[in-house]
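As a plain string of letters, each chain reads:
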Amino acid sequence: MALPGTPRASGTEATETVAPAVDLVLGASACCLACVFTNPLEVVKTRLQLQGELQARGTYPRPYRGFLASVAAVVRADGLCGLQKGLAAGLLYQGLMNGVRFYCYSLACQAGLTQQPGGTMVAGAVAGALGAFVGSPAYLVKTQLQAQTVAAMAVGHQHHHQNVLGALETIWRQQGLAGLWRGVGGAVPRVMVGSAAQLATFASAKAWVQKRQWLPEDSWLVALAGGMVSSVAVAAVMTPFDVVSTRLYNQPVDGTGKGQLYGGLADCLVKIWRQEGPLALYKGLGPAYLRLGPHTILSMLFWDELRKLAGRGLRQGT
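The name recorded for the protein in an unreviewed UniProt entry is Solute carrier family 25 member 34, from Suricata suricatta. Within the UniProt record for the protein, the comment given under Subcellular location (unreviewed entry) is "Mitochondrion inner membrane". Under the Sequence similarities (unreviewed entry) heading, UniProt states for the protein: "Belongs to the mitochondrial carrier (TC 2.A.29) family."

The following block contains the structure:
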């Protein structure tokens, strides 16, 4: 079944789309399923992105070196369970952010906006921005929990939270409601570019594969191929914003809740570029792709297959 708003291959009949409310549940569920498998990669990526924060290359210790060595370092420091640090917050974030994102995107498709030139990308970006805003507190806690480790392996600021609820309570008590949305200025553009790239390239790649008729039209392999193409685009455009977002979320704050290292998105970008070099904006690219790639592929595959089942249920019920 094609994404809503996605052109079908010639000669095929239009299929029934699911309601936006159903897309909300399906999108959130699909991304939460993917999160369970990819969260260890997120832990490694977070540590690599915080390593050497605002320090010139070669002037700081590197407890995390590359993907496999970093996985081993996390296990040595925190045990096997350390690879699933922040999972509860990650699931909360995926449910909130992607539920809103897929719901809004489905509304745009239902309204016919994605049939307009560039409509898919614009709809994906706007839906992503709204989802990122709603899910920002969960991403804030997830980042801080994943950064926490023993002193010998610590990178970035250590917040010493015990769990998700404890972290939310501490932030609320010390910084107020606004503190729960600290760093959202980096999260919104991060998800906007990622969502636009993901939904637009997935839709285009899937339609292209269907048009070539290399695979059976309703095969899960079509969604898999679309997800594989989409994952490359997402990692390429999203990683610099991902690095900035991680830094903004994890930085220490003063008594008023103001960040002590960065004043916002632009300030963070400039400081990283000047003090760490432009390549620092791609810190953790390997784990970022290994995380974003499978997560994008699994999310879009799960979503597409769940939508097929929902669509069949609707047709059988009529």
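**Q** For this particular structure, what's the right way to read a nonpolar patch on the surface?
**A** Together, L24, V25, Y103 and L107 make up an exposed nonpolar region whose accessible area comes to about 300 Å². Among the structural elements, V25 can be located in helix α1 (residues 20-50). Its relative accessible area of 47% is what places V25 among the partly exposed residues.

**Q** I tried to follow the pattern of salt bridges on my own but got confused; where do I start?
**A** Close approach of charged atoms allows side chains of opposite charge to pair. By the definition in use, this model includes 10 salt bridges. A salt bridge links D242 to K45, with the nearest nitrogen and oxygen atoms 2.7 Å apart. Of this pair, D242 sits in helix α7 (residues 220-250) while K45 sits in helix α1, placing them 197 residues apart in sequence. Across this residue pair, the class does not change: D242 and K45 are buried. Across the pair R47 and D78 runs a salt bridge whose closest N-O atoms are separated by 3.1 Å. Placement of R47 in helix α1 and of D78 in helix α2 (residues 67-78) is noted, with a sequence separation of 31 residues between them. For R47, a relative accessible area of 0% corresponds to the buried category. It is possible to trace a salt-bridge network through shared partners that takes in E42, K45, K142, R190 and D242.

**Q** Is there a simple way to explain the packing of α1 against helix α4 (residues 119-147) in this structure?
**A** Helix packing for two helices is described by the angle between their axes and how far apart those axes are. The geometry of α1 relative to α4 is characterised by a closest axis approach of 9 Å and an angle of 75° between their N-to-C directions. As summarised for this structure, α1 and α4 are arranged roughly perpendicular, according to the angle between their axes. Of the residues in α4, those in contact with N39, E42, V43, K45, T46, R47 and L50 of α1 are Y139, K142, T143, Q146 and A147. Among the residues forming the contact of α1 with α4, the class breakdown is four nonpolar, four polar and four charged.

**Q** I keep staring at the packing of aromatic side chains and nothing clicks. Help me out?
**A** Between two aromatic rings, the relevant description is the distance of the centres plus the angle of the planes. Inspection of every chain in the model, using the stated rule, returns three aromatic pairs. Ring geometry for Y93 and Y139: centres 4.8 Å apart, planes at 65°, overall edge-to-face. Taken together, the residues Y93 in helix α3 (residues 87-110) and Y139 in helix α4 connect sequence positions 46 residues apart. Residues Y93 and Y139 agree in their burial class; the two are buried. Three or more aromatic residues link up through ring pairs in this structure, and these residues are Y93, Y139 and Y249. The ring of F102 carries R101 above its face, with NZ or CZ at 4.8 Å from the centroid. Geometry around Y139 places K142 over its ring, the cationic atom sitting 4.3 Å from the centre.

Scoring rules and cut-offs
- Residues numbered from 1 in each chain as written.
- Predicted model: local features only at pLDDT ≥ 70, side-chain atom pairs only at ≥ 80, totals over all residues.
- Heavy atoms only, no water.
- UniProt positions renumbered as here; feature names shortened; annotations may be inferred.
- Patch = residues over 30% accessible without salt bridge, like charges linked within 9 Å, V, L, I, M, F, W, Y side chains within 5 Å.
- Areas by Shrake-Rupley, 256 points an atom, 1.4 Å probe, with all protein chains shown as cover.
- Salt bridge = Lys/Arg side-chain N within 4 Å of Asp/Glu carboxyl O.
- Helix = DSSP H or I, 4+ residues; strand = E, 2+ residues; numbered from the N terminus.
- Buried < 20%, exposed > 50% of the residue type's maximum accessible area, 1.4 Å probe, protein only.
- Axes fitted to C-alpha atoms, helices over the stretch in contact; angles between N-to-C directions.
- Parallel < 35°, antiparallel > 145°, perpendicular 65-115°, else oblique.
- Contact = heavy atoms within 4.5 Å.
- Nonpolar A, V, L, I, M, F, W, Y, C, P; charged D, E, K, R; others polar.
- Phe/Tyr/Trp six-rings, centres within 6.5 Å; stacked < 30°, edge-to-face > 60°.
- Lys NZ or Arg CZ within 6 Å of the ring centre and 35° of its normal.

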